[in-house]
Amino acid sequence: MEKKIKVMVVDDSALVRQVVSAALARDPAIEVIGTASDPVFAMDKMKSLWPDVLVVDIEMPRMDGISFLRKVMAERPTPTVICSSLAEEGTQAAFDALAAGAVSIITKPKIGLKSFLEDASSDIVSAVRTAAGANLRALGRSAREKIAPKLSADAILPSGAPSAMARTTDQVIAIGTSTGGTQALESVLTQLPATCLGIVIVQHMPEKFTAMFAQRLNGLCQIEVREAQNGDRVFPGRALIAPGGKHMMLKRSGAQYVVEIVSGPLVNRHRPSVDVLFRSTAKYAGKNALGIIMTGMGDDGARGLKEMRSAGASTIAQDEASSVVFGMPKEAIKLGGAEQVMSLERIPLAMMAYSQKLG
């Protein structure tokens with residue numbers, strides 16, 4: 001008997017998991033070995049039984065689908081079909097998915113999802129069959145060729161002597177995070193009072209996510225949370241989140257801080273990049289800043305946090321026990337960029353203590 005294609009469906013929608021699984025199960029050559037509501041659950045299940053093909057959504061809790069795809073391709077390359085309403089042809093999300101190693105993309109509609117999935121069941125089955133026969137060696141080469149060389153923050157903002165003023169009445173908190181960061185940021189920002197110092201944030205996200213993410217947090221927090229626009233002022237009670245697909249830098253306008261939103265190449269294979277934000281904060285805020293690096297895969301932000309500390313800023317790295325992925329904080333600690341290492345639960349208290357110390 002021909003070996004069946006083992007498939008796992010990873011999507012936070014129970015409807016999608018049910019309909020896609022049923023469509024795949026009707027094909028005698030395919031066996032659905034499991035489903036998961038987010039990538040963290042999926043990775044746990046995959047420890048005992050690894051699928052031949054993954055069907056993955058992009059927008060999910062705890063870890064987005066593209067970060068999950070990159071993690072899978074780094075650990076154990078597995079053919080993956082992205083099935084998402086965000087991955088429309090020509091979008092940054094679609095490009096990111098293909099660059100990360102997705103074999104194919106199925107775009108879900110935003111309405112009429114059940115009927116679409118039922119009508120498109122043959123397309124889903126065909127995509128899984130094609131993925132199962134993919135040459136992952138060639139796929140790996142192709143993905144590597146599509147990804148630009150790993151650039152540093154020099155590509156956006158040259159390093160150089162800090163131009164920050166001495167201690168001023170305006171201070172700022174800069175936060176960088178990636179995988180697991182959406183939940184970590186919610187945990188931190190919802191505990192802050194409206195009098196908290198102004199905050200600038202880079203969270204690795206595709207461009208269609210950040211405005212929705214900021215809007216959701218704004219409804220939960222005492223502080224104002226918004227997707228940053230070029231020239232926005234940083235002031236107490238406001239948190240600005242870098243828009244997906246753009247870099248965000250902190251700049252000075254007189255004695256005030258503003259943000260500059262720019263295009264440019266990927267830095268550490270990310271746009272926005274934490275290193276770009278942290279370097280600009282080191283350069284223009286210096287000792288007037290607190291830098292915080294939280295859960296995330298890779299090393300983006302590690303060098304920038306070290307630059308902030310060298311410029312006189314206070315710096316914090318999230319500890320391993322409370323991080324979903326301990327990549328970014330770990331690298332920052334190794335480089336000597338973290339003045340303190342602490343749990344996620346302690347970070348809001350440290351931010352408030354920093355604000356009070358300055359006051």
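What you are looking at is a predicted structure, and each value in this text was computed from that prediction instead of being measured.

**Focus on the overall build of the chain**
So, point 1. Helix and strand counts for the chain come out as 13 helices and 15 strands.
So, point 2. Split into buried and exposed, the 359 residues of the chain put 56% on the buried side.
So, point 3. Relative to all contacts within the chain whose residues are 6 or more apart in sequence, the contacts with residues 24 or more apart total 74%.
So, point 4. Summing over all exposed atoms, the chain offers an accessible surface of approximately 15100 Å²; the carbon and sulfur share of this is 51%.

**Topic: the sheet that holds strand β12 (residues 256-262)**
In a beta sheet, neighbouring strands pair by backbone hydrogen bonds and run either parallel or antiparallel.
So, point 1. Strand order in the open sheet formed by three strands is β9-β12-β11, and the pairing between neighbours is antiparallel. Since the sheet does not close on itself, it has two edges, and those belong to β9 (233-234) and β11 (247-253), each with one partner.
So, point 2. Alignment of β11 against β12, held across seven bridges, turns out to be antiparallel. Bridge pairing in β12 links His-247 to Val-262.
So, point 3. Lying over the sheet, helix α10 (residues 274-284) contacts β11 and β12, oriented at roughly 10 degrees with respect to β11.

**A closer look at the side chain of Thr-78**
So, point 1. Here Thr-78 lies in the loop between α3 (65-75) and β4 (80-84).
So, point 2. The exposure class assigned to Thr-78 is buried, which follows from its relative accessible area of 1%.
So, point 3. There is a polar contact of 2.7 Å between the side chain of Thr-78 and the side chain of Trp-50.

**Regarding the packing of helix α2 (residues 39-46) against α3**
So, point 1. In the contact formed by α2 and α3, the axes pass within 11 Å of each other and the chain directions differ by 25 degrees. If you check the angle between α2 and α3, you find them roughly parallel. Helix-helix and strand crossings are classified by hand; for α2 and α3 the assignment is right-handed. Contacts between α2 and α3 involve Pro-39, Ala-42, Met-43 and Met-46 on the former and, on the latter, Phe-68, Lys-71, Val-72 and Glu-75.

**Brief notes about the confidence of the model for the chain**
So, point 1. Model confidence for the chain is summarised by a mean pLDDT of 87, while 89% of its residues fall at 70 or above.
So, point 2. A low-confidence stretch, residues 138-148 (pLDDT under 50), is modelled with twelve contacts involving residues beyond four sequence positions or located in other chains.

**Overview of the environment of Ala-321**
So, point 1. Mapped onto the secondary structure, Ala-321 falls in the loop between β14 (314-318) and α12 (327-334).
So, point 2. A sequence separation of 21 residues divides Ala-321 from Met-342, and the C-alpha atoms of the two residues are 9.4 Å apart.

**Considering the pattern of salt bridges**
So, point 1. Within the structure shown, the criterion is met by 15 salt bridges.
So, point 2. With a shortest N-O distance of 3.1 Å, Arg-238 and Glu-224 are connected by a salt bridge. Of the two residues, Arg-238 sits in strand β10 (residues 238-241) while Glu-224 sits in strand β8 (residues 224-227), which places them 14 residues apart along the sequence.
So, point 3. Its relative accessible area of 9% is what places Arg-238 among the buried residues.
So, point 4. Lys-251 is the partner of Glu-260 in a salt bridge, and the nearest nitrogen-oxygen pair spans 2.6 Å.

**Re helix α1 (residues 14-25)**
So, point 1. The end-to-end C-alpha distance of α1 is 16 Å, a good match for the 16 Å that twelve residues give at a rise of 1.5 Å each.
So, point 2. If you check which residues of α1 are buried, you get Val-16, Arg-17, Val-19, Val-20, Ser-21, Ala-23 and Leu-24.
So, point 3. The inward-facing, buried residues of α1 abut β1 (5-10), β2 (30-36), β3 (53-56), α5 (113-119) and α6 (121-132).

**Concerning the sheet that holds β4**
So, point 1. Strand order across the open sheet formed by five strands is β2-β1-β3-β4-β5, with parallel pairing between neighbours. A single partner strand is all that each edge strand has here, and the edge strands are β2 and β5 (104-107). The sheet shows a mean angle of 20 degrees between the axes of neighbouring strands, taken without regard to direction.
So, point 2. Direction of pairing for β3 relative to β4: parallel, over a ladder of three bridges. Opposite Val-56, over in β4, you have Ile-82 as the bridge partner.
So, point 3. The sheet contacts of α1 involve β1, β2 and β3, and relative to β2 the element is tilted by about 165 degrees.

**Observations regarding the packing of aromatic side chains**
So, point 1. For the structure on display, the rule yields zero aromatic pairs.
So, point 2. Over the ring of Phe-41 we find Arg-62; its NZ or CZ atom is 4.5 Å from the centre of that ring.

**Observations regarding unusual backbone geometry**
So, point 1. Cis rather than trans, the peptide bond between Arg-271 and Pro-272 has omega equal to 15 degrees.
So, point 2. Mapped onto the secondary structure, Pro-272 falls in the loop between β12 and α10.
So, point 3. Positive phi, close to 75 degrees, is recorded for Arg-62, a residue that is not glycine.
So, point 4. Following the sequence through the fold, Arg-62 ends up in the loop between β3 and α3.

**Section: the nonpolar core**
So, point 1. By size, the foremost hydrophobic cluster in this structure holds 55 residues, and its most contacted members are Phe-68, Leu-189, Ile-199 and Met-351.
So, point 2. It is α3 that provides the largest number of residues to this core, a total of five residues.
So, point 3. Residue contacts for Phe-68: discarding those within four places in its chain leaves Val-10, Pro-39, Ala-42, Met-43, Met-46, Leu-54, Val-56 and Met-63.
So, point 4. Listed in part, the 28 residues of the second largest apolar core include Leu-240, Ala-285, Ala-317 and Ala-332.

Definitions and cut-offs
Residues numbered from 1 in each chain as written. Predicted model: local features only at pLDDT ≥ 70, side-chain atom pairs only at ≥ 80, totals over all residues. Heavy atoms only, no water. Helix = DSSP H or I, 4+ residues; strand = E, 2+ residues; numbered from the N terminus. Buried < 20%, exposed > 50% of the residue type's maximum accessible area, 1.4 Å probe, protein only. Contact = heavy atoms within 4.5 Å. Areas by Shrake-Rupley, 256 points an atom, 1.4 Å probe, with all protein chains shown as cover. Pairing = 2+ DSSP bridges. Axes fitted to C-alpha atoms, helices over the stretch in contact; angles between N-to-C directions. Polar contact = N/O pair within 3.5 Å; in protein donor to acceptor, adjacent residues only side chain to side chain. Parallel < 35°, antiparallel > 145°, perpendicular 65-115°, else oblique. Left-handed = near helix turned anticlockwise from the far one by under 90°. pLDDT = per-residue confidence, 0-100. Salt bridge = Lys/Arg side-chain N within 4 Å of Asp/Glu carboxyl O. Expected span 1.5 Å × (residues − 1). Phe/Tyr/Trp six-rings, centres within 6.5 Å; stacked < 30°, edge-to-face > 60°. Lys NZ or Arg CZ within 6 Å of the ring centre and 35° of its normal. Core = buried A, V, L, I, M, F, W, Y, C linked by side-chain atoms within 4.5 Å.

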